[in-house]
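Given next are the chains, with one letter for each unit.
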Amino acid sequence: LCSCSSCSSWLPQRGPLRGSHWQSSVLTLRTSLPVRAQPKKKKKVDVKREQAQKDRMKKKLKKLEKAAPELIPIEDFITPLKYSDSNRVRSLPPLSPEETERRVLLLKKWCLFKQKQDEAEKKGIQRLVESQQEALKELRLESEELYQAAIRRDEGLFPFQRDGPTYTPPLPGYDPPEGKCVDITKVYTQ
Amino acid sequence: KQTPKKKKDRVQMKEINPGTEFEYGDVNIQMTSYDMCLVEHFAQYVHRLCNRLSIKVNESYAMPTKTNEVLFLEEKGSKMQLDAVLTTHQRVVQISGLSSTFAPILLEVIQSNQPEGVHLLIKQHTEADFKSRLKARPELEELLAQI
């Protein structure tokens with residue numbers, strides 16, 4: 001038989017007694033049990049967790065950095081599938097011998113024309129270089145200082161921009177409609 | 001006989017040649033146009049011209065194609081209407097060691113053969129130019145920002 005005379009002393013002294021019946025838990029105002037007893041072990045666990053997280057991130061970074069960077073694929077060089085459809089093959093009509101003769105002669109004339117054009121360009125470049133060399137030679141005879149300055153590279157030359165010529169000049173007094181340009185280029189990610 | 005390739009060639013940036021006092025280093029000749037055939041042929045012409053003039057060509061590549069939707073506002077309306085979808089193509093011929101005396105001559109020749117609607121830009125090659133050819137890596141950038 002246990003003596004129940006001193007019941008109060010048997011009561012566990014750990015938890016405080018409930019102040020009032022409004023306070024639903026036996027514990028103090030913090031109404032949930034601390035899961036990891038944070039206030040006591042805050043410094044160690046946090047540092048460990050942060051270190052582990054950093055290590056994981058560094059590992060992931062290393063793995064990503066190991067993968068070589070990839071070039072964006074050029075859409076110009078990828079034939080759309082619809083063009084490789086066999087239904088698109090055309091059957092051309094047969095050509096008469098006069099027509100083939102005419103075409104061959106035309107091709108020869110064109111080749112000759114382009115050859116003359118190319119030769120003229122080569123000669124032009126050669127003449128430009130020759131006259132440039134002569135001018136530099138004369139300059140050297142005149143003044144060594146100026147010659148040295150002349151053969152240095154021009155820092156203001158690049159960047160150099162030029163728009164291609166147009167078939168027609170712009171229309172005077174043309175009032176374009178309001179509008180906008182939207183960039184819909186596909187963005188490739190690795 | 002070919003030496004077997006042990007692994008795929010890594011896409012790595014080559015060292016940029018800065019040039020000397022009398023020579024330009026790595027220079028990019030960029031040609032841009034809406035017309036792909038014109039720009040392709042012009043790029044081939046420029047490449048062959050440089051070969052013929054004994055100018056070292058480092059690389060000859062295409063930049064990614066850009067696509068733009070052109071919308072315009074109708075006269076009696078508030079809605080934007082689709083006018084056209086334009087694709088912009090760009091080709092680059094990278095040369096190196098162009099002498100300072102020959103540079104103006106080369107520019108003159110290229111300009112005189114510039115076709116209609118092809119925009120020409122000649123500039124020195126930079127790391128940013130190389131990086132613009134690569135795919136974006138948002139994961140990597142995010143991680144780097146976090147650290």
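Along every chain, residues carry numbers that run from 1 in the direction the sequence is written. Just so you know, chain letters begin at A and ligand numbers begin at 1, following the order they were written in. Owing to the predicted nature of the model, reporting of local features is limited to residues with pLDDT of at least 70; listing and counting of side-chain atom pairs is limited to 80 or more, with chain, interface and lining totals taken over all residues. Remark: hydrogens and water are excluded; side-chain values derive from all non-hydrogen atoms of the structure.

Taking an unreviewed UniProt entry as the reference, chain B is identified by name as Large ribosomal subunit protein mL48 belonging to Manacus vitellinus. UniProt positions are given in the numbering used here, feature names are shortened, and annotations may be inferred rather than shown by experiment. Per UniProt, the comment on chain B under Sequence similarities (unreviewed entry) is "Belongs to the mitochondrion-specific ribosomal protein mL48 family." Of the comments in the UniProt record for chain B, the one headed Subcellular location (unreviewed entry) reads "Mitochondrion".

An unreviewed UniProt entry annotates chain A as Large ribosomal subunit protein mL40 originating from Manacus vitellinus. One UniProt comment on chain A, placed under Subcellular location (unreviewed entry), says "Mitochondrion".

*Asks:* How do you make sense of the overall build of chain B when you look at a structure like this?
*Replies:* Helix and strand content of chain B: four helices and six strands. Counted from the first residue to the last, chain B has its helices and strands arranged as β-β-α-β-β-β-α-β-α-α. At 20 Å, chain B has a C-alpha radius of gyration far larger than the 15 Å of a compact globule built from 147 residues. C-alpha atoms of chain B, sized along the principal axes, occupy 65 × 50 × 40 Å. The buried label applies to any residue whose accessible area, calculated with a 1.4 Å probe on protein chains only, is under 20% of its type's maximum; exposed applies above 50%, and partly exposed to all values in between. Put simply, chain B has 147 residues, and 41% of those count as buried. In DSSP terms, a helix is any run of H or I states spanning at least four residues, a strand is any run of E spanning at least two, and both are numbered starting from the N terminus. All radius of gyration figures rest on C-alpha atoms, and the globule criterion is 2.2 Å times the number of residues raised to 0.38.

*Asks:* Would you mind going over the packing of aromatic side chains with me for this structure?
*Replies:* Each aromatic ring pair is summarised here by two numbers: the centre-to-centre distance and the angle between the ring planes. Centres within 6.5 Å make a pair out of two Phe, Tyr or Trp rings, where for Trp the six-membered ring is used; the pair is then stacked when the planes are under 30 degrees apart, edge-to-face when over 60, and tilted otherwise. A complete count under the given rule lists three aromatic pairs over all chains for this structure. Considering the side-chain rings of F158(A) and Y24(B), the 4.9 Å spacing of their centres and the 65° angle between planes classify their relative orientation as edge-to-face. Remark: Y24(B) occurs in strand β1 (residues 23-24) and F158(A) occurs in the loop between α4 (144-150) and β1 (160-162); the pair is interchain, linking two chains. Residue classification places Y24(B) among the buried positions, given a relative accessible area of 1%. Relative to Y45(B), the ring of F42(B) has its centre 6.3 Å away and its plane inclined at 10°; by these criteria the two rings are stacked. With F42(B) and Y45(B) both in helix α1 (residues 36-52) and three residues apart, this pair spans about one turn of that helix. Sitting over the ring of Y61(B), R133(B) keeps its end group 3.6 Å from the ring centre. Sitting over a ring, as applied to charges here, requires NZ of Lys or CZ of Arg to be within 6 Å of the ring centre and within 35 degrees of the ring normal.

*Asks:* What am I meant to see in the environment of R137(B) here?
*Replies:* Topologically, R137(B) is positioned in the loop between α3 (127-131) and α4 (138-146). A C-alpha to C-alpha distance of 38 Å links R137(B) and L106(B), two positions 31 residues apart in sequence. Excluding residues within four positions of it along the chain, R137(B) makes contact with L64(A), A67(A), A68(A), P69(A) and Q190(A). Definition of a polar contact: a pair of N or O atoms within 3.5 Å, with one able to donate and the other able to accept a hydrogen when the atoms are protein atoms, and with sequence-neighbouring residues admitted only if both atoms are side-chain atoms. For R137(B), the side chain forms a polar contact with the main-chain oxygen of L64(A), separated by 2.9 Å. Residues count as neighbours in contact if any of their non-hydrogen atoms are within 4.5 Å of one another.

*Asks:* Would you explain the packing of helix α3 (residues 97-142) of chain A against α1(B) in this entry?
*Replies:* Structural elements are reduced to axes, namely lines fitted to C-alpha atoms, with helices fitted over the stretch in contact, and the angle between N-to-C directions of any two is expressed from 0 to 180 degrees. Orientation of α3(A) relative to α1(B), taken along the N-to-C sense of each, is 50°, at an axis distance of 13 Å. It follows that α3(A) is oblique to α1(B) by the angle criterion. For the element pair α3(A) and α1(B), the recorded crossing hand is right-handed. For the pair formed by α3(A) and α1(B), the contact residues are D118(A), E121(A), K122(A) and I125(A) on the first element and Y45(B), L49(B) and R52(B) on the second. For the contact of α3(A) with α1(B), the class distribution of residues is three nonpolar, no polar and four charged. Here the word oblique covers every angle except those under 35 degrees (roughly parallel), over 145 (roughly antiparallel) and from 65 to 115 (roughly perpendicular). Helix crossings get a hand from a simple test, with the near helix turned counterclockwise from the far one by less than a right angle marking a left-handed crossing and a clockwise turn marking a right-handed one. By the convention adopted, Pro, Cys, Tyr, Trp, Phe, Met, Ile, Leu, Val and Ala count as nonpolar, Lys, Arg, Asp and Glu as charged, and the other residues, Gly among them, as polar.

*Asks:* Teacher, can you tell me more about the nonpolar core here?
*Replies:* Across soluble globular proteins, nonpolar side chains show a tendency to be buried alongside one another. Side-chain atoms within 4.5 Å are what join buried Ala, Val, Leu, Ile, Met, Phe, Trp, Tyr and Cys residues into a set we call a nonpolar core. Residues F158(A), I29(B), M31(B), I95(B) and L98(B) are the most contacted members of the largest nonpolar core, which totals 29 residues. Ignoring sequence-local partners within four residues, the contact set of F158(A) consists of Y24(B), V27(B), L98(B), L107(B), I122(B), K123(B) and Q124(B).

*Asks:* Would you explain the interface of chain B and chain A in this entry?
*Replies:* By a widely used convention, the size of an interface equals the accessible area lost when the partners come together. Chain B puts 66 residues into the contact, and the matching count from chain A is 54 residues. For any pair of parts, buried area is found by adding up, for both, the accessible area (1.4 Å probe) each one loses once the two are put together. Of all residues in chain B, Y24(B), K135(B) and R137(B) bury the most surface against chain A, accounting for 13% of the area lost on that side. For this document, the term salt bridge refers to a Lys or Arg side-chain nitrogen within 4 Å of an Asp or Glu carboxyl oxygen. Run the count over chain B and chain A and you get five salt bridges. With its nearest N and O atoms 3.7 Å apart, the salt bridge here joins R52(B) to E121(A). Taken together, the connections running from chain B to chain A amount to 35 residue pairs in polar contact (both at pLDDT 80 or more). Listing elements by their share of the side of chain B that touches chain A, those giving two or more residues are β1, α1, β3 (56-73), β4 (80-96), α2 (103-112), β6 (119-124) and α4 of chain B. The dominant element in the side of chain B that touches chain A, judged by the number of residues it contributes, is β3(B), at twelve residues. Two strands are counted as paired when DSSP detects at least two bridges linking them. Taken together, the three bridges between β1(A) and β6(B) define a ladder with antiparallel strand orientation. The residue of β6(B) that forms the bridge with Q161(A) is L121(B).

*Asks:* Even after reading the chapter, I still don't get the UniProt feature "domain: Small ribosomal subunit protein uS10" (unreviewed entry) in chain B, so can you show me in this structure?
*Replies:* Those residues carrying the UniProt feature "domain: Small ribosomal subunit protein uS10" (unreviewed entry) are residues 28-123 of chain B in this numbering. The span residues 28-123 of chain B shows a helical share of 28% and a strand share of 50%, and its end C-alpha atoms are spaced 5 Å apart.

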